[in-house]
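Chain and residue survey
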Amino acid sequence: MKSTVKGHMTGGPISIEPEASALAAFDLMVEHGIRHLPVVDAKQRVCGVLSFDDLRAGLPMPLSLGAPIDAGERQLASDTCVGEVMTHAPVTVRADTPLERAAELMAERRIGCLPVVDSNGCIEGILSETDLLHALVTVLWSERRQTSA
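A few points on the structure. (Residues numbered from 1 in each chain as written. Predicted model: local features only at pLDDT ≥ 70, side-chain atom pairs only at ≥ 80, totals over all residues. Heavy atoms only, no water.)

1. So, the pairing of strand E2 (residues 36-40)
Burial within E2 is extensive, with five of its five residues counted as buried. Residues of E2 alternate between two faces, with His36, Pro38 and Val40 on one and Leu37 and Val39 on the opposite face, all of them buried. (Buried < 20%, exposed > 50% of the residue type's maximum accessible area, 1.4 Å probe, protein only. Helix = DSSP H or I, 4+ residues; strand = E, 2+ residues; numbered from the N terminus.)

Below, the structure is given as structure tokens:
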């Protein structure tokens, strides 16, 4: 049986609205130690993805997940909203997508995550590079156990 996205995604991901402040998004990323936020509308449909790299490119100051932004820099970026700096119309997958296909999409498109959506386009989870690395470790561990048995 082939492994699917559902078995490796992060369910119920932290998300943000396009009208939210980009600084609020940065604060969420720092607080939760994440680099990607699905952007959802009022009905929880995915309309974008905000990456740490999007914030770096869109905000007028240097950013680091390990360093706070000082008050003066916060003032410079206070008017920037998520919708202005996010990636619009992101590539998405369904929970039943084969994991191999999801990994191919991420490699081909050079993207760090895939929002996982239901048939209505509503967020169910997120599959990140880290999730894929955990899946790879699991597969390699399983293969090693099989060959040593």
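2. Brief notes about the nonpolar core
Formed by 20 residues in total, the largest nonpolar core has its most connected members in Ile16, Leu50, Leu55, Leu59, Leu63 and Val82. Listed by contribution, the elements that provide at least two residues to this core are helix H1 (22-32), E2, helix H2 (52-58) and helix H4 (82-85). The element best represented in this core is H1, accounting for five residues. Excluding anything up to four places from it in sequence, leucine 59 contacts Ala22, Leu23, Ala77 and Thr80. Grouped together as the second largest cluster of nonpolar side chains are 13 residues, Val5, Met9, Leu105 and Val116 included. (Core = buried A, V, L, I, M, F, W, Y, C linked by side-chain atoms within 4.5 Å. Contact = heavy atoms within 4.5 Å.)

3. Thoughts on the pattern of salt bridges
Summed over all chains, the structure comprises five salt bridges. For aspartate 53, the salt bridge is made with arginine 56, and the minimal N-O distance between the two is 3.9 Å. Here aspartate 53 and its partner arginine 56 are both found in helix H2, three residues apart, which amounts to about one turn of the helix. Using a relative accessible area of 52% as the deciding quantity, one classes aspartate 53 as exposed. Residue class for arginine 56 comes out partly exposed when judged on its relative accessible area of 45%. As a salt-bridge pair, arginine 101 and glutamate 104 come within 3.3 Å of each other at their nearest N and O atoms. Note that arginine 101 and glutamate 104 are positioned in helix H5 (residues 99-109) at a spacing of three residues, about one turn of the helix. (Salt bridge = Lys/Arg side-chain N within 4 Å of Asp/Glu carboxyl O.)

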